[in-house]
Amino acid sequence: MTKSSLLLALSVILAWGLWSVIAKIGVERLGPFKYLFYSQLIASLIVLGFLAFRGNYRLNLGDYSYFGYPVFGGVVSALAIYMLYLLLSREAGSIAVSLTAIYPIVTIFILVVILRIETLTFQQWVGAFLAILGAFLLSL
């Protein structure tokens, strides 16, 4: 991994960490559904702003060949976020976020075991196993 990619990954980690704190407090004050609605509305406006200021984005209305991916991804994302907000409204944020942060295990299983379009080294398999073990310990 390059230094710029590592810096980007660390920035993502910090942003997600801050996001989960804000989500926990927001869900407690607004409830999971209202928080989902408002946060996704704001996120959509920010994405529209990115598209508007990017300059070289052109919407090709004639090409729908891959449109199912963002539709399905959006549905799954909205459901996952709503379920996380429900969990945050019921459990401690430190436990809920840590436990659900092992979702890459699902990604690994689908991409490596089912679709076979990626591979993992032995060390990466050990890391995945340790993540599962850590989640189990958190749930006790």
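Below: a short report on this structure. Just so you know, these numbers come straight off a predicted model, no measurement behind them.

**Observations concerning the overall build of the chain**
Moving on, step 1. Summing up its helical and strand segments, the chain has six helices and zero strands in all.
Moving on, step 2. When its helices and strands are written in sequence order, the chain yields α-α-α-α-α-α.
Moving on, step 3. Based on the C-alpha atoms only, the size of the chain along its principal axes is roughly 50 × 40 × 30 Å.
Moving on, step 4. Within the chain, buried positions represent 13% of all 140 residues.
Moving on, step 5. Sequence-distant contacts, at least 24 apart, represent 58% of the contacts inside the chain between residues at least 6 apart.
Moving on, step 6. When the accessible surface of the chain is split by element, carbon and sulfur atoms take 73% of a total near 11200 Å².

**Looking at the side chain of Lys24**
Moving on, step 1. Its place among the elements puts Lys24 in helix 1 (residues 3–30).
Moving on, step 2. On the basis of relative accessible area, Lys24 is assigned to the buried category, the value being 16%.
Moving on, step 3. Side-chain polar atoms of Lys24 contact the side chain of Glu28, separated by 3.1 Å.
Moving on, step 4. Leaving out residues up to four positions away in the same chain, Lys24 has contacts with Leu88, Glu91, Ala92 and Gly93.

**Remarks on the packing of helix 1 against helix 3 (residues 68–90)**
When two helices pack together, their arrangement is given by the angle between the helix axes and by the axis-to-axis distance.
Moving on, step 1. One can describe the packing of helix 1 onto helix 3 by two numbers: an axis separation of 9 Å at closest approach and a directional angle of 65°. Overall, the two elements helix 1 and helix 3 adopt an arrangement that is roughly perpendicular. The hand of the helix 1/helix 3 crossing is right-handed. Between helix 1, through Trp19, Ala23, Lys24 and Val27, and helix 3, the contact on the second element is made entirely by Leu84, Tyr85, Leu88 and Ser89.
Moving on, step 2. Residue classes in the contact of helix 1 with helix 3 are distributed as six nonpolar, one polar and one charged.

**Thoughts on the packing of aromatic side chains**
Moving on, step 1. Under the definition given, this model contains five aromatic pairs.
Moving on, step 2. Judged by centre distance (6.1 Å) and plane angle (80°), the ring pair of Phe33 and Tyr82 falls under edge-to-face. Of this pair, Phe33 sits in helix 2 (residues 32–54) while Tyr82 sits in helix 3, and the two are 49 residues apart along the sequence.
Moving on, step 3. The partly exposed category is assigned to Tyr82, whose relative accessible area is 27%.
Moving on, step 4. Centroid distance Tyr35 to Tyr85: 4.9 Å. Interplanar angle 80°. Geometry classified as edge-to-face.

**Description of a nonpolar patch on the surface**
Moving on, step 1. Nonpolar side chains collect at one region of the surface, where Leu30, Phe33, Phe37, Tyr38, Leu41, Ile42, Leu45, Ile46, Val47, Leu48, Phe50 and Leu51 lie side by side and expose about 1200 Å² of accessible area between them.
Moving on, step 2. It is helix 2 that contributes the most residues to the nonpolar patch, eleven residues altogether.
Moving on, step 3. Looking at where Ile46 falls in the secondary structure, it is placed in helix 2.

Conventions used here
Residues numbered from 1 in each chain as written. Predicted model: local features only at pLDDT ≥ 70, side-chain atom pairs only at ≥ 80, totals over all residues. Heavy atoms only, no water. Helix = DSSP H or I, 4+ residues; strand = E, 2+ residues; numbered from the N terminus. Buried < 20%, exposed > 50% of the residue type's maximum accessible area, 1.4 Å probe, protein only. Contact = heavy atoms within 4.5 Å. Areas by Shrake-Rupley, 256 points an atom, 1.4 Å probe, with all protein chains shown as cover. Polar contact = N/O pair within 3.5 Å; in protein donor to acceptor, adjacent residues only side chain to side chain. Axes fitted to C-alpha atoms, helices over the stretch in contact; angles between N-to-C directions. Parallel < 35°, antiparallel > 145°, perpendicular 65-115°, else oblique. Left-handed = near helix turned anticlockwise from the far one by under 90°. Nonpolar A, V, L, I, M, F, W, Y, C, P; charged D, E, K, R; others polar. Phe/Tyr/Trp six-rings, centres within 6.5 Å; stacked < 30°, edge-to-face > 60°. Patch = residues over 30% accessible without salt bridge, like charges linked within 9 Å, V, L, I, M, F, W, Y side chains within 5 Å. Salt bridge = Lys/Arg side-chain N within 4 Å of Asp/Glu carboxyl O.

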